[in-house]
Amino acid sequence: MPLLDDLQPKNNSAASFYPVSANSANNKYDWDTVVGFFIKALHNLEIEKSIKTIDDFKELCRIKLTNKLDDEQFWYIIEKMYFDSEQVLHIAPEMQALKVLDSESSNAGDERLTSLFVNLMGSMQLIKPPAANLNFLEKEIKTVFDSPQVTSKSKKTLKQHMSYLPYLSELFQKDLAFLVSQPEHFLQQIKSLLKLYGFLYTAQLSLNLKGWAKEPSVKDCYFILDSEKASKERTKLQLHGHKQVIESSYALFPYLALNESLQDTKNVVVPLWQLVNELTVTDTDALNRYAEEFYTDRKLISDLQPANNNIEAISTLAKLFSEQFKKGSTRETAFTNFVKATRETLIRPFEQGRKRAGSYLVLNQDYLLLLTNITIGHREKIRLHELLKEFQSRGVFFDKSSEVCLIELFERMGNVERMSDSGDAVYVRKTI
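As the structure is a prediction and not an experimental result, all values here were calculated from the model.

How do you make sense of the sheet that holds strand E8 (residues 426–429) when you look at a structure like this?
Strand pairing in a sheet relies on backbone hydrogen bonds, with the paired strands running either antiparallel or parallel. Strand order in the open sheet made by the 3 strands is E6-E8-E7, with antiparallel pairing throughout. Of all strands in the sheet, those bounded by a partner on one side alone are strand E6 (381–383) and strand E7 (416–418). For this sheet the average axis-to-axis angle between neighbouring strands, irrespective of direction, equals 30 degrees. Where E7 lies against E8, 3 bridges are found, and the strand directions are antiparallel. The residue of E8 that forms the bridge with Arg418 is Val426. Across the face of the sheet, helix H17 (residues 400–413) comes into contact with E7 and E8 while running at roughly 100 degrees to E7.

This is the structure:
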């Protein structure tokens, strides 16, 4: 992917690889709506324009079912069972797509957040959903949902950028495929899976960005369990835990905005680490000119020297893109909005203050079980040390103290199997 022919300073955007905006008014997200948009993408569904609300869908169901019922009064019972309680959304996983209806606000933020997961999903798409065990009424409602009056296969071509973290994308697809094969569990856990991967993507992207010259790899990121005590004496948690992720997240906006500015965003945008490898010696002059123009446009005051090669040129631009957001600058507010929304939306569900001990990345029991089940996948059980390696491949690390608490928790839940008194022969089973 070559550089833009005419590199010019422009508004900062990280949109190709991150959903957060520099405008606080655009950072409104609803995870239920995000689930709906994601299900639409996963199943390649389009909801007909005539279906604007759940009530529109309900009316079609009423017409179909009352024609088959002996007494029209039965409809009011069905309405209470499935629609008043929103149980209709849980008849089959693909019916979660109806969550995009009745949104009380703009869906722009939700669609941007969904694009993060669509990029992680890559070319994965369900041709045929897994069979669900439905009763007579549910089959009738599902038939209405599948009818051309409500849904059809989307003919739109999704604009997908290559995932910035290919290794994480591969694991997301693997975990998603397993969850899809368990329809009931999918319905219960899809929102949690998206929240978990939203955090993992944010943390690992933050930790990899400054090493932009090479393809990303998993970085140490330490958690504790919500049931255990925290301590400042636990070195790995202090060096490679919550503080590391927060500080690294400050690089998201400048580095991703730099990458965006170098390419034609009307086409597919590639990660900076890939773009660098595709540059030629003739691109250095263009990058130097861009740095000079950007320096002048942003009224920066640091020392600026021409680069001798592309690596030096990108390094210079990275410093300039960071400098434009310094305290007291006109763009400080935009940067603050971006950092705040990133933390509130994608990091906050996994951070917890422990008073004097400070703040930590925390996995509660629900997320731990989700992570355990998807990493074991279609296997019945795996050795504990293999499970921990699977966790680490996704960016979830535990120190020795947390590993002890983890075993104790698994034993209380009854999904640990000891083959001998040796600690090496501890197996962990799925809970589904």
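Right, picking up where we left off after that structure.
Please clarify how the nonpolar core should be interpreted in this entry.
In summary, soluble globular proteins display a tendency toward joint burial of nonpolar side chains. Counting 136 residues, the largest nonpolar core has Phe57, Phe117, Leu176 and Leu262 as its most contacted members. With 12 residues, helix H7 (residues 183–208) is the single largest residue contributor to this core. Among residues more than four places away in sequence, those in contact with Leu262 are Pro2, Leu3, Leu4, Leu7, Leu272, Leu275, Leu287, Tyr290, Ile314 and Leu317. With 7 residues, the next largest nonpolar core counts Tyr222, Leu237, Ala357 and Tyr360 among its residues.

Which parts of the structure should I look at to understand the sheet that holds strand E5 (residues 359–363)?
Reading across from one edge, E3-E5-E4 is the order of the 3 strands in this open sheet, with mixed pairing throughout. The open sheet has two edge strands, strand E3 (224–225) and strand E4 (351–353), and neither has a second partner.

Would you take a moment to explain helix H13 (residues 310–323) for this structure?
Since one α-helical turn is 3.6 residues long, residues separated by three or four positions face the same way. For H13, built from 14 residues, the straight-helix expectation of 20 Å at 1.5 Å per residue is met to within 8% by its first-to-last C-alpha distance of 20 Å. All of the buried residues in H13 are Asn310, Ala313, Ile314, Thr316, Leu317, Ala318, Leu320, Phe321 and Glu323. On the buried face of H13, the contacting elements are helix H10 (252–261), helix H11 (272–278) and helix H12 (283–297). Where H13 starts, the residue carrying a side-chain oxygen 3.2 Å from the main-chain nitrogen of Ile311 turns out to be Asn309.

What is the right way to read empty space enclosed by the protein from this model?
A probe as big as a water molecule, rolled over the atoms, marks out the empty space that is left. All chains considered together, the criterion is met by 2 cavities of 30 Å³ or more. Taken together, Phe17, Leu116, Asn119, Leu120, Met162, Ser163, Tyr164 and Tyr201 form the lining of the largest cavity. The dominant element in the lining of the largest cavity, judged by the number of residues it contributes, is helix H4 (residues 108–121), at 3 residues. In terms of residue class, the lining of the largest cavity is built from 6 nonpolar, 2 polar and no charged. There is about 40 Å³ of room inside the second largest cavity. If you trace the second largest cavity, you find it lined by Leu42, His43, Pro93, Glu94, Leu126, Pro130, Val180 and Phe186. Class assignment of the residues belonging to the lining of the second largest cavity gives a composition of 6 nonpolar, 1 polar and 1 charged.

Help me understand the packing of aromatic side chains in this model?
Given two aromatic rings, one states the distance between the centres and the angle between the planes to describe the pair. Taken as a whole and assessed by the stated rule, the structure comprises 22 aromatic pairs. Taken together, a centroid distance of 4.5 Å and an interplanar angle of 5 degrees make the contact between Phe253 and Phe338 stacked. A residue pair is termed long-range when its members are at least 10 positions apart, and Phe253 in helix H10 and Phe338 in helix H14 (residues 332–347) qualify at 85 residues. The pair Phe253 / Phe338 is uniform in exposure class, with both members buried. The ring of Tyr427 carries the charged tip of Lys381 above its face, separated from the ring centre by 5.1 Å.

Help me understand the pairing of E5, please; the structure alone is not making it clear to me.
Note on strand geometry: in a regular strand, side chains alternate between the two faces of the sheet. Counting buried positions over the 5 residues of E5 gives 4, a clear majority of the element. Of the pairings in the sheet, the one linking E3 to E5 comprises 2 bridges and is parallel in character. Of the residues in E5, the one forming a bridge with Leu225 is Leu363. Both E4 and E5 contribute to a ladder of 3 bridges, which runs antiparallel.

Would you mind going over the packing of helix H1 (residues 31–42) against H7 with me for this structure?
Each pair of packed helices can be summarised by the angle the axes make with each other and by the distance between the axes. In contact at an axis separation of 10 Å, H1 and H7 are set at 105 degrees when each is read in the N-to-C sense. As far as their axial angle goes, H7 and H1 are roughly perpendicular. Every residue of H7 that contacts H1 at Trp31, Asp32, Val34, Val35, Phe38, Ile39 and Leu42 is listed here: Phe186, Ile190, Lys191, Leu194 and Lys195.

Help me understand the pattern of salt bridges in this model?
Where charged atoms of side chains with opposite charge meet at close range, the side chains can pair. In this structure the tally under the stated criterion is 23 salt bridges. A single salt-bridge network, built from bridges that share partners, covers Asp175, Arg379, Glu390 and Arg394.

What should I look at first to understand the environment of His378 in this one?
Along the chain, His378 falls in the loop between helix H15 (365–376) and E6. Take His378: its relative accessible area is 61%, and that puts it in the exposed class. In this structure, the C-alpha to C-alpha distance between His378 and Lys430, residues 52 residues apart in sequence, is 9.2 Å. Ignoring any residue separated from it by four or fewer positions in sequence, one finds His378 in contact with Phe178, Ser181 and Lys430.

Conventions used here
- Residues numbered from 1 in each chain as written.
- Predicted model: local features only at pLDDT ≥ 70, side-chain atom pairs only at ≥ 80, totals over all residues.
- Heavy atoms only, no water.
- Pairing = 2+ DSSP bridges.
- Helix = DSSP H or I, 4+ residues; strand = E, 2+ residues; numbered from the N terminus.
- Axes fitted to C-alpha atoms, helices over the stretch in contact; angles between N-to-C directions.
- Contact = heavy atoms within 4.5 Å.
- Core = buried A, V, L, I, M, F, W, Y, C linked by side-chain atoms within 4.5 Å.
- Buried < 20%, exposed > 50% of the residue type's maximum accessible area, 1.4 Å probe, protein only.
- Expected span 1.5 Å × (residues − 1).
- Polar contact = N/O pair within 3.5 Å; in protein donor to acceptor, adjacent residues only side chain to side chain.
- 1 Å grid on protein atoms, 1.4 Å probe; cavity = no way out; pocket = protein on both sides within 12 Å on 5 of 7 lines; lining within 4 Å.
- Points joined across faces, edges and corners; volume = space filled by probe spheres on them.
- Nonpolar A, V, L, I, M, F, W, Y, C, P; charged D, E, K, R; others polar.
- Phe/Tyr/Trp six-rings, centres within 6.5 Å; stacked < 30°, edge-to-face > 60°.
- Lys NZ or Arg CZ within 6 Å of the ring centre and 35° of its normal.
- Parallel < 35°, antiparallel > 145°, perpendicular 65-115°, else oblique.
- Salt bridge = Lys/Arg side-chain N within 4 Å of Asp/Glu carboxyl O.

Keep in mind that these numbers describe shape and distance, not what the molecule does.
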